[in-house]
Structures are given as C-alpha cells and as structure tokens.
Amino acid sequence: MERVLIIGESGAIGGAVAAHLRGQGCEVTGLSRSADGLDVTDGASVAAALEGLGPFDLVLVATGALEIGEAGPEKALRDIDGTAMAAQFALNAIGPALVLRHAADLLPREGRSVFAVLTARVGSIGDNRLGGWYSYRAAKAAANQIVHGAAIELGRSHKQAICVALHPGTVQSDLTAKYLGRHPAVPPAEAAENLLNVIGNLRSVDSGGFFDWRGERVEW
Ligand SMILES: NC(=O)c1ccc[n+]([C@@H]2O[C@H](COP(=O)([O-])OP(=O)(O)OC[C@H]3O[C@@H](n4cnc5c(N)ncnc54)[C@H](OP(=O)(O)O)[C@@H]3O)[C@@H](O)[C@H]2O)c1
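Residues numbered from 1 in each chain as written. Predicted model: local features only at pLDDT ≥ 70, side-chain atom pairs only at ≥ 80, totals over all residues. Heavy atoms only, no water.

With an unreviewed UniProt entry as reference, the protein is termed C factor, cell signaling protein, source organism Pseudooceanicola atlanticus.

## Some remarks on the pattern of salt bridges
Test applied: Whenever Lys or Arg places a side-chain nitrogen within 4 Å of a carboxyl oxygen from Asp or Glu, that contact is recorded as a salt bridge. Note on classification: 1.4 Å probe, protein chains only; a residue is buried when its accessible area is under 20% of the maximum for its type, exposed when over 50%, partly exposed between these limits. Numbering of helices and strands starts at the N terminus; helices are DSSP runs of H or I of at least 4 residues and strands are runs of E of at least 2.
Throughout the structure, instances matching the rule amount to eight salt bridges. Arg-203 is paired through a salt bridge with Asp-206; the nearest N and O atoms lie 3.9 Å apart. On the accessibility criterion, Arg-203 (52% relative accessible area) is exposed. A salt bridge links Arg-217 to Asp-206; the nearest nitrogen and oxygen atoms lie 3.7 Å apart. Of this pair, Arg-217 sits in the segment after β6 (210–212) while Asp-206 sits in the loop between α7 (188–201) and β6, and the two are eleven residues apart along the sequence. By relative accessible area, which is 53% here, Arg-217 ends up exposed. Salt bridges sharing partners connect three or more residues here, namely Arg-121, Asp-212 and Arg-214.

## Focus: the packing of helix α1 (residues 12–23) against α7
Going by this rule: A fitted line through C-alpha atoms represents every axis, and for helices the fit uses only the stretch in contact; the resulting angles, taken between N-to-C directions, go from 0 to 180 degrees. Here roughly perpendicular refers to angles of 65 to 115 degrees, roughly parallel to angles under 35, roughly antiparallel to angles over 145, and oblique to all remaining angles. For any pair of crossing helices, the crossing counts as left-handed if the nearer helix is rotated counterclockwise from the farther one by less than a right angle, and right-handed if it is rotated clockwise. We call two residues in contact whenever any of their non-hydrogen atoms come within 4.5 Å of each other.
Contact geometry for α1 and α7: axes closest at 8 Å, N-to-C directions at 65°. Relative to α7, the element α1 lies roughly perpendicular. As α1 packs across α7, the resulting crossing turns out to be right-handed. Contacts between α1 and α7 involve Ala-12, Ile-13, Ala-16, Val-17, His-20 and Leu-21 from the first element and Pro-188, Ala-189, Ala-192, Glu-193, Leu-195 and Leu-196 from the second.

## Details of the nonpolar core
Using the following cut-off: The term nonpolar core refers to a set of buried residues drawn from Ala, Val, Leu, Ile, Met, Phe, Trp, Tyr and Cys, joined through side-chain atoms within 4.5 Å.
Grouped together as the largest cluster of nonpolar side chains are 29 residues, with contacts concentrated most on Leu-5, Ile-7, Leu-50, Val-99, Phe-115 and Cys-163. Discounting chain neighbours no more than four positions away, the residues touching Cys-163 are Leu-100, Phe-115, Val-147, Ala-150, Ala-151, Leu-154, Ser-207, Gly-208 and Gly-209. By size, the runner-up hydrophobic cluster in this structure holds 27 residues, among which are Ala-16, Leu-58, Ala-192 and Val-198.

## Considerations on the site of the ligand
Stated precisely, the cut-off is as follows: Neighbouring residues are identified by heavy atoms, a residue being near a molecule or strand if any of them is within 4 Å of it. For accessible areas, the Shrake-Rupley method is used with a probe of radius 1.4 Å. Any residue's cover is judged against the shown protein chains and nothing else. Each residue receives one of three labels: charged for Asp, Glu, Lys and Arg, nonpolar for Ala, Val, Leu, Ile, Met, Phe, Trp, Tyr, Cys and Pro, and polar for the others, Gly being one of them.
Taken together, 28 residues surround the ligand, and among them Ser-10, Ser-34, Thr-63, Tyr-136 and Ser-173 come closest. Bound to the protein, the ligand loses 89% of the 910 Å² it would expose on its own. Here the residues of the shell around the ligand sort into twelve nonpolar, 13 polar and three charged.

## A short note on helix α6 (residues 134–157)
How we decide: In a helix, the anticipated span is given by 1.5 Å times the number of residues less one.
Relative to the 34 Å expected for 24 residues at 1.5 Å per residue, α6 spans 36 Å between its end C-alpha atoms, a close match to the ideal helical length. Here α6 has its buried residues at Ser-135, Tyr-136, Arg-137, Ala-139, Lys-140, Ala-143, Asn-144, Val-147, Ala-150, Ala-151 and Leu-154.

Here's what the structure looks like:
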C-alpha cells in the first residue's frame with residue numbers, strides 16, 4: 001500500500017489507519033469534514049474534494065455516525081422518525097455511494113487495489129437477533145448492497161480492484177462512547193492494525209464481500 005486515500009481522517013478509526021500507514025512511510029491523503037469541509041452527503045462536495053486525486057492503492061471510507069444531531073439509534077419501532085432515518089441513509093449509505101461514484105478514477109486500471117467501506121456487523125440482516133437500531137442497521141445494510149454492486153461493475157474495468165465492506169470490530173470512539181456499556185471495545189490503533197491486516201490479505205475473489213476485523217466473512 002503505497003498511495004492511500006482516507007475519507008474521514010478526523011474520525012477515530014480513519015485517523016488511526018492514516019497514522020499507522022504514515023508510520024510505515026506510505027503516501028497518505030486524508031480528507032475530512034472538520035478539516036477540509038468535505039460533506040459525504042453532498043455529491044458536489046465529494047466531487048470537488050476528489051477532483052484530480054489518484055490513483056490510489058487503497059481508498060478507505062471511514063465516515064459515519066450512529067447518532068446524528070439529537071437522534072440516537074431507535075430502541076423500538078415507535079421511535080422511528082422519518083427525518084432522522086433519512087439523515088442516517090444520507091450519511092451511512094449515500095455517503096459511501098457518492099465516493100464510490102468516483103472509484104473508477106481513484107483506482108489504478110492495472111494492478112491490485114482495494115476500495116474498502118467501513119459498514120458494521122449490525123448492518124447484517126442474517127446476524128440481527130436483537131431488533132432495534134432500525135435506521136443505522138438499514139443504512140449499513142444498504143451500504144453493503146451498494147459496495148457489492150460496485151464491486152461487480154468495477155471488476156469489469158479494473159480487473160484487480162477489490163471492493164469490500166468491512167466491520168472494524170467494536171472500537172473506542174466518539175461514535176460508541178455512549179453505547180458501549182460493558183461491551184468490550186478495542187482502541188482505534190488496534191482496530192487499524194486489524195483492518196490493515198485484513199485489507200492486506202484480500203484477494204480478487206473476495207471483491208464484493210463483507211468481512212470483519214478478523215478477515216472472516218459476515219453474513220448479509
Ligand atoms: N467504532 C465502532 O465500534 C464501529 C463499529 C462498527 C462500525 N463502525 C463504523 O466505522 C466508521 C468509523 O467509525 P468511528 O468509530 O471512527 O467514528 P468517529 O470517530 O465518530 O468518526 C466519524 C467520522 O465520520 C465523519 N463524518 C460524519 N459525518 C460526516 C459527513 N456528513 N461528511 C463527512 N464526514 C462525516 C467525521 O468527520 P468530522 O469529525 O470531521 O466531522 C469523522 O471523521 C463508521 O462508518 C462507523 O459506522 C464503527
């Protein structure tokens with residue numbers, strides 16, 4: 001991984017991945033809302049930020065939120081609010097899609113490259129045994145579908161490009177701070193190492209898949 005683009009470097013996981021790769025001497029371009037004004041929910045903002053960038057061996061989309069504004073994850077169906085749900089989709093599903101829209105220009109035509117989107121195991125429909133968290137779960141499931149489709153399309157022009165959705169594990173960050181309870185969580189630096197191990201071991205046949213921080217497939 002020589003040339004890397006991190007979307008969401010200001011986040012805990014995005015920042016840790018960027019720091020780890022810089023430490024290894026990689027050429028890392030980091031973009032974020034707070035530092036660069038990049039709003040992944042706005043197609044024009046994404047296009048302007050990505051203009052002329054690339055090619056990259058790795059593109060990581062590490063943006064996202066569990067709580068947007070005052071709206072946290074729903075405990076029950078009666079908590080569903082259309083505006084809050086739309087905001088979840090805008091950030092967690094449409095955001096990665098608007099970056100993927102530029103994937104063909106961001107990745108090299110020849111040679112191995114990886115486009116990874118951080119989704120979440122709670123976006124797995126098959127793994128959902130608890131209910132709740134309707135908007136976040138559904139937005140992450142939608143992102144998984146978008147990544148899967150993008151991998152098929154990209155594979156036609158970029159034969160060695162690998163496009164995946166990744167679950168980073170439960171990680172200590174602003175996103176999880178209020179929701180961890182007694183649930184164990186790893187520091188961002190450890191999550192970054194785990195994710196980079198998985199990314200490093202991905203093969204062409206893995207493109208379109210959904211993997212966790214151990215490199216194991218997560219059911220859809
Ligand atoms: N932490 C976990 O345990 C966990 C578990 C499963 C999945 N994930 C996923 O992993 C990803 C990263 O999580 P994290 O824990 O690192 O979260 P985090 O520390 O809260 O970082 C979130 C990042 O998203 C960015 N962001 C939010 N809204 C944005 C927008 N409209 N446009 C552009 N950037 C925006 C933030 O940018 P600014 O701060 O610059 O505004 C920040 O860089 C998320 O997709 C999350 O769902 C995390």
